[in-house]
Structures are given as C-alpha cells and as structure tokens.
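Below are the chains, spelled out letter by letter.
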Amino acid sequence: MARAARTFHLTTFGCQMNEHDSERIKGMLRALGYEEAPTRAEADVILFNTCSIRESADQRFIGHLGEAKRLKAERPDRIVAVGGCWAQSMREQVFELFPFVDVAFGPGQIHKLGEVLLQDSLEAQAGFFEFEDFSAHLPAARTRPFQAWVQISQGCNCVCAYCIVPQTRGREVSRPPDEIVAEVERLAADGVREITLLGQNVCSYGRDLDRSQRTTFAELLARLDAIEGIERIRYTSPHPKDIREDVVRAHAELPSVCEHIHLPVQSGSSRVLKRMRRTYDRARYLDRVAMIRELVPDCAITTDIIVGFPGETEEDFEQTLSLVEEVRFDGAFTFIFSPRRDTEAATMPDQVPHAVKRERMQRLVDLTQKVARERAQRFVGRTLEVLVEGPSRTDPDRLRGRTRHNKTVNFDGIASPGEFAQVRIGSATSTTLAGEEVLLARLGGGAH
Ligand code: 5AD
Ligand code: SF4
C-alpha cells in the first residue's frame, strides 16, 4: 500500500554540523517530492535532528517529542523520525522508550532515511546507527544562497572526559581532498561567497587518509583559497593540541581565510585540563595564542569554556578567570558542566554542587562579556568589509551582516544580501557592532 506522505517538518538542535546535516535532509526530501510544512501539525513526516551535548539539549528535545507523540496518536499514518546525536546515543532504546518513533538514525546516515521513506510501507520501526558516508552527494537546501557549510571530516579521535561526541559521531574519518575541492568549486559556481569548513577537530584533518591523498589542513586551506569566487573561508573547530603554525600562517597569507579563530580552551587550570584529558596545559594554550597574535595581530580569538568540571576548586576556577583576562577573548561560549551518559567525567566522584556551578558561571559570563566589549572597541572608527546577510533582527529598516572577524554588524545602508558592504563602525557592544555603509566605496569612488 502506497503511503500518501508528502509533507515534512524538521526541527534542528545542536551545532553547525547538525545545521548542515539538516540542510541535506531537507534537500533530499525535496528531491524525493516532499514539501516543507509550516507547522508540525500539518506534516506527514515529523523529523527531529537532535543533539546530546548537554542535558539541557536532551530536555529541550524531549519536550518537542511529546507533541510528536500526540500528533502520531491523532494520525497513526504519520511518520516520526529522529536523527542526530541523541538518537545515536540512545540507539535501540529509542524504540523501547518512545514506541511512537518510526525511524531513528545517527549522524552520517541521512541517505538511509531517504531509502526508508521511499519504501511502499513502513511496517516495522527502522533504526540505523553506524557512520556510512558523507552526505555531500545529496542536494543541500541552503538557508542563504551565498553561504555554505562544507564538511571535511566526521567523528573525533579525542577522549575528552566530558564529551559524548566520540560516541555519537564515531572515529575520525577525513573526506578526500579532491572531493572537498570539487564540492567547493560547485558551490562557487553556484554563487557561494563564504564557506565554513566543519569537522570535530579540523586541525587533525587528513591524518587518516592514505598516502596518495594525504593533505594537511593548511594545504587544504590553500587549495580552497585558490578557488575563484570564494571570498571568505571559516572553519570550526580546531583543537589547541593540533593547531600548528602553518594553519595560523594561512590566516595571514591566504586572502580568503578570515581573521578569526575559535579555539576552545575549556579551562584555564592545567590541573583541570589534565583531568579533562585535553592533552595541553595552560602554558601551551597561551603559547598558541601568542603565536596567533604574532602572526595575525588583528585576529579575533573566541573560545568555549566549561565551569564546574568535577573536582574544579575555587582556585582552578580563578585560573580560568585569569586566563580570560590574559588572552582577552573576543567572545566566549560558556557552559555549565553537564554529566553525559557513558562519559568518564559523569562518574567522577567529586562533582561540583549545582549552586557553586551557577555562581561561577555568573562570574565567568560577567568577565567574558566585559572583555569582549572592551576588545570590540578597537573596531570603532574603522571601516570594515561586511557580508550582508539580511535585515537587522531588531530593526527591519537596517541591515545585518558579519565582518571577517565574525562580528555581527547592524547598519544603515542599501546593500543587498550576499553583497559585501564597506561599513564604518560607530559603536560596539560585547556581541554586536553598529555603523553605516560607506556609500562612496560602492560607487567605486573611495576617498580621493
Ligand atoms: N558539559 C558542558 N559542556 C560541554 N561541552 C561539551 N561537552 C560538555 C558537557 N558534558 C561544551 C564544550 C565544547 C562545546 C561544544 O560544548 O565546551 O567545546
Ligand atoms: Fe553537534 Fe555534539 Fe550536539 Fe552532536 S552532540 S549535534 S556533534 S554539539
């Protein structure tokens, strides 16, 4: 019996890798003749692309799943499909705990979802969990025609004690460089101006490739920089233990590699870093920062920090605060440690009480925001190249875009999305810049 399922609704949680996978899921479903429904209630296929990085991510998703359960009860011919890291970490338990789920799949199995939906009937629940393939051959429904994510590797070989990702995304597999270059050439021909390379640990890219294809991350950057039409290259995330001078030099020497490095530090205490199994200490991290400052003086540096890792003392935490002061990060994502199932840190005995974690978090946020605001003042008075993304979120009469330093700018101007505008910066907060477009520059005049 053929099913009449023809519309889908997809909700995405988690990181850019998931956003990218979701673009592929959408592209694939459209290619199969499905249309996107505006609400879950109007969809024949209800999809979730999930995250499991912290408990809060799990909880948010479970709330949404409740609605899917109700909708499925109303119309049992609906399909409920759950993909991504949470699905992977739960594996077959998904079906035991949530019997209304029809399909579950892990990262790297998007094409399988298509195969299941193409079957004439879905008589049994389908689950598939091992990484199979990069989804690059699938069409992507990009959010913006001029920006694209490009996955360069899948999985992670690190053993960070807090992290669930090695379980959900498996061991590191690099995509062959020729495939990546070919994809980026296609994207450039299609009007893409800015690419963001994605990998759990981009700086170890290529180590698993066989000798005939072996390419370092810096060499990959150089090949992509040479592609006509690609004006901006970003990547996320490098690991402090693997970022080397050749990659930092690429920021100085390759015109399209942007002046921004997101370098997750996690803690400023060498003792905590050791227990986290990060394999670098505070001094080594600071060395890397010094190298960046020397080779790319204006580079923006952002980071991720975890507070309340098991065993973190007040003294350890103060080391984190002093590291923030010392590095002077342009921005930081800060997280309260959240024990994740089957990770080493989850069962460490000396868990930090919740109230202490909250209090440290507040102090850390106050400091990172203060430092970011101070750092951002260096842009005031400068004219920066901004890639226009659309109208400002707070004022539709203004425009919004991003600088090469990855700062969001709200500004008055006439440029269209996808264009580069020259914007004179008038003021700066910790997260955004404000200014106005220099229209003379658009006319090709400039200052004579
Ligand atoms: N608890 C809190 N934060 C975490 N992160 C990863 N795992 C955890 C966890 N169990 C943070 C790290 C990482 C970012 C993506 O999420 O800072 O860099
Ligand atoms: Fe991304 Fe990690 Fe969340 Fe998976 S668990 S979606 S890799 S942040």
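Notes on the structure in this doc start here.

### Some words on the overall build of the protein chain
Now for step 1: Helix and strand counts for the protein chain stand at 14 helices and 19 strands.
Now for step 2: Whereas a compact globule of 448 residues would reach a radius of gyration of roughly 22 Å, the protein chain reaches 23 Å, a difference of no more than 12%.
Now for step 3: Taking the contacts inside the protein chain whose residues are at least 6 apart along the sequence as the reference set, 72% of them involve residues at least 24 apart.
Now for step 4: Taken as a whole, the protein chain presents about 19500 Å² of accessible surface, with 50% of it coming from carbon and sulfur.

### Overview of the site of ligand 2
Now for step 1: Close to ligand 2 lie C15, N18, T50, C51, S52, I53, C85, V165, R169 and Q200.
Now for step 2: Within the shell around ligand 2, the residues separate by chemical class into 5 nonpolar, 4 polar and 1 charged.
Now for step 3: Two domains each put at least three residues into the shell around ligand 2: domain 1 (7-128) and domain 2 (138-375).

### Considering helix α2 (residues 55-74)
Now for step 1: A rise of 1.5 Å per residue sets the reference length of α2, with its 20 residues, at 28 Å; its end C-alpha atoms lie 30 Å apart and thus fit the reference within 8%.
Now for step 2: Taken together, the buried positions of α2 are A57, D58, F61, L65, A68, L71 and K72. The arc enclosing the buried residues of α2, seen along the axis, measures out at 125 degrees, which places them on a common side. Opposite the packed face of α2, turned more than 90 degrees from it, sit the exposed residues R60, G63, R70, A73 and E74.
Now for step 3: Buried residues in α2 make contact with β3 (45-50), β4 (79-84) and α3 (85-90).

### Digging into the packing of aromatic side chains
Now for step 1: Counted under the stated rule, the structure contains 12 aromatic pairs.
Now for step 2: Centroid distance F98 to F100: 6.2 Å. Interplanar angle 85 degrees. Geometry classified as edge-to-face. You'll find F98 and F100 in the same group, each marked buried.
Now for step 3: Among the aromatic residues, ring-to-ring pairing joins F13, F48, F61, W86, F98 and F100 into one connected group.

### Thoughts on the site of ligand 1
Now for step 1: Taken together, the neighbourhood of ligand 1 is formed by I53, R54, Y162, Q266, D304, I306, F335, I336, F337, S338 and R340.
Now for step 2: With respect to ligand 1, the side chain of Q266 contributes an N or O atom lying 2.6 Å from an oxygen atom.
Now for step 3: At 2.7 Å, a backbone N or O of S338 approaches a nitrogen atom of ligand 1.
Now for step 4: Out of a free accessible area of 410 Å², ligand 1 has 87% covered by protein chains.
Now for step 5: Each residue belonging to the shell around ligand 1 can be placed in one class, and the counts come to 6 nonpolar, 2 polar and 3 charged.

### Quick look at the pattern of salt bridges
Now for step 1: Using the criterion set out here, one finds 44 salt bridges in the structure.
Now for step 2: As a salt-bridge pair, R223 and D178 come within 3.0 Å of each other at their nearest N and O atoms. Of this pair, R223 sits in helix α8 (residues 217-225) while D178 sits in helix α7 (residues 177-189), placing them 45 residues apart in sequence.
Now for step 3: Where D242 meets R207, a salt bridge forms, and the shortest distance between an N and an O atom there is 3.1 Å. Placement of the pair is D242 in the loop between β11 (232-236) and α9 (245-253) and R207 in the loop between β10 (194-198) and α8, with a sequence separation of 35 residues.
Now for step 4: For D242, a relative accessible area of 7% puts it in the buried group.
Now for step 5: You can call R207 partly exposed: its relative accessible area is 47%.
Now for step 6: A cluster of three or more residues bridged by salt bridges with shared partners is formed by R144, E194, R232, R234, E385, E389, R400 and R402.

About the cut-offs
- Residues numbered from 1 in each chain as written.
- Chains lettered and ligands numbered in written order.
- Predicted model: local features only at pLDDT ≥ 70, side-chain atom pairs only at ≥ 80, totals over all residues.
- Heavy atoms only, no water.
- Helix = DSSP H or I, 4+ residues; strand = E, 2+ residues; numbered from the N terminus.
- Rg over C-alpha atoms; globule rule 2.2 N^0.38 Å.
- Contact = heavy atoms within 4.5 Å.
- Areas by Shrake-Rupley, 256 points an atom, 1.4 Å probe, with all protein chains shown as cover.
- Near = heavy atom within 4 Å.
- Nonpolar A, V, L, I, M, F, W, Y, C, P; charged D, E, K, R; others polar.
- Domains from an automatic or database assignment.
- Expected span 1.5 Å × (residues − 1).
- Buried < 20%, exposed > 50% of the residue type's maximum accessible area, 1.4 Å probe, protein only.
- Arc of directions from axis to C-beta.
- Phe/Tyr/Trp six-rings, centres within 6.5 Å; stacked < 30°, edge-to-face > 60°.
- Polar contact = N/O pair within 3.5 Å; in protein donor to acceptor, adjacent residues only side chain to side chain.
- Salt bridge = Lys/Arg side-chain N within 4 Å of Asp/Glu carboxyl O.

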